Amino acid sequence: MINAVLVGCGAMSKHWLDAVRQIDGLAIVGLVDLDADRARARAREYDLTDVVIGTSLDAVLDQTRPDVVFDVVVPAARREVALSAFAHHCHLLTEKPLADSPENARAIVEAARRAGRIHAVVQNRRYVANVRRIRRFLSSGAIGAATSIHADFFVAPHFGGFREEMAHVLLLDMAIHTFDAARYMVNGEPAGVYCQEWEPASSWYRQGSSASAVFDLGGGKVFTYAGSWCAAGFRTSWESTWRIVAERGSLVWDGNDELKAEVVLPGREGLFDRTEPIAVPPLDPVDRVGGHLGIIQDFMRAIETGTEPETCGADNIKSLAMVFGAIESAETGRRVVISTQDGQ
């Protein structure tokens, strides 16, 4: 049995606790929140009758001595939670983003390394079935190496609350899902970015609801991102819509169920290369899916086997570096170099 303390009992904690319910061998032994009543309410909702509840993570960890900390706090509190978890010899699985700044991200990853603990991030879009299928299809070489990756994200949610007051709201709170998926699909190593943000006249956000970015993903691969959180009408999927151009064909995905590809044939028809549809194979039995459930299961397997989880902090910091690189570019109006050696 692996025992866990969950810290941060807001709305997102429900996704975690729903997943935990489905996993044998995992028990929540503590709930921590600055609002103890909220933690108690969550305990009642999930019938966690024997859990320790508190407002101090250190105190609850001292009392419960768990194997794992599940971090579902706001990004500004990530570093404090991580250092507390590692000081108590706990492994750590954290909500995205890994941290609220490049400095804090590096500090957390280094603290995990020094403590010898497993640290991973809930980059749950990577566990979407079609993201797995695209990665496997491109890796097969069926249409050659990817040369350009294009993602469009146009959704207009009226969240209310803190998001509408955030700076860089789209890049900080949402775009990492798309950035990480792009990096994963084509096995990219981010090297540079140019980004522009703007606020349309119709926006209900304070700053940064719309952005366009061009990333160098190394090896001749370019990734373009166009996004808005105030584009009403013709809503895209939350997973974005995608076009991936490769050496011998292209793939398109609507972000839902429609995934198709075409491969180039010998010869031309007038000005254009001949193409024909090519099947994108279904999931392989070894492909891991399931959002929060899949990631938590992966994390537990890593603890049990001593292997490194796919979304470990040392790797995920590269996706986070894409976010902070885009923000720096938007603020300075210049292209920003992204170093994958230290995640900045």
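Keep in mind the model is a prediction, meaning the values are calculated, not measured.

Reading guide: rules and limits
- Residues numbered from 1 in each chain as written.
- Predicted model: local features only at pLDDT ≥ 70, side-chain atom pairs only at ≥ 80, totals over all residues.
- Heavy atoms only, no water.
- Disulfide = S-S within 2.5 Å.
- Buried < 20%, exposed > 50% of the residue type's maximum accessible area, 1.4 Å probe, protein only.
- Salt bridge = Lys/Arg side-chain N within 4 Å of Asp/Glu carboxyl O.
- Helix = DSSP H or I, 4+ residues; strand = E, 2+ residues; numbered from the N terminus.
- Arc of directions from axis to C-beta.
- Core = buried A, V, L, I, M, F, W, Y, C linked by side-chain atoms within 4.5 Å.
- Contact = heavy atoms within 4.5 Å.

### Considerations on the state of the cysteines
A complete count under the given rule lists zero disulfides for this structure. Here C9 is not cross-linked by a disulfide; its sulfur's nearest cysteine counterpart is in C90, at 16 Å. Here C9 falls in the buried class, since its relative accessible area comes to 0%. C90 provides the cysteine sulfur closest to C312, a residue in no disulfide bond, and the two sulfurs are 19 Å apart. Among the residues examined, C312 registers a relative accessible area of 6% and is labelled buried.

### Notes on the pattern of salt bridges
Enumeration according to the criterion identifies 25 salt bridges in this entry. The partner of E45 in a salt bridge is R42, and the shortest N-O contact between them spans 2.7 Å. With E45 and R42 both in helix α2 (residues 36–45) and three residues apart, this pair spans about one turn of that helix. Close ionic contact of D71 with R78 constitutes a salt bridge, the shortest N to O distance being 3.0 Å. A single network of salt bridges, built from pairs that share partners, joins R126, R132, D180, R183, R288, D298, R301, E310 and D315.

### Thoughts on helix α1 (residues 13–20)
Those residues of α1 that sit buried are S13, W16, L17, A19 and V20. Down the axis of α1, the smallest arc covering the buried residues is 160 degrees, so these residues share one side.

### Some points on the nonpolar core
L98, F179, M185, F215, F223, W242 and L251 are the most contacted members of the largest nonpolar core, which has 77 residues in total. Element by element, the count of residues in this core is highest for helix α7 (residues 169–186), at twelve residues. Look past the residues within four positions of L251 in its chain and what remains in contact with it is I134, F137, I143, W242, R243, I244, L259, K260, A261 and V280. In terms of nonpolar packing, the next biggest core, distinct from the first, is built from 31 residues, C9, W16, A19 and L93 among them.

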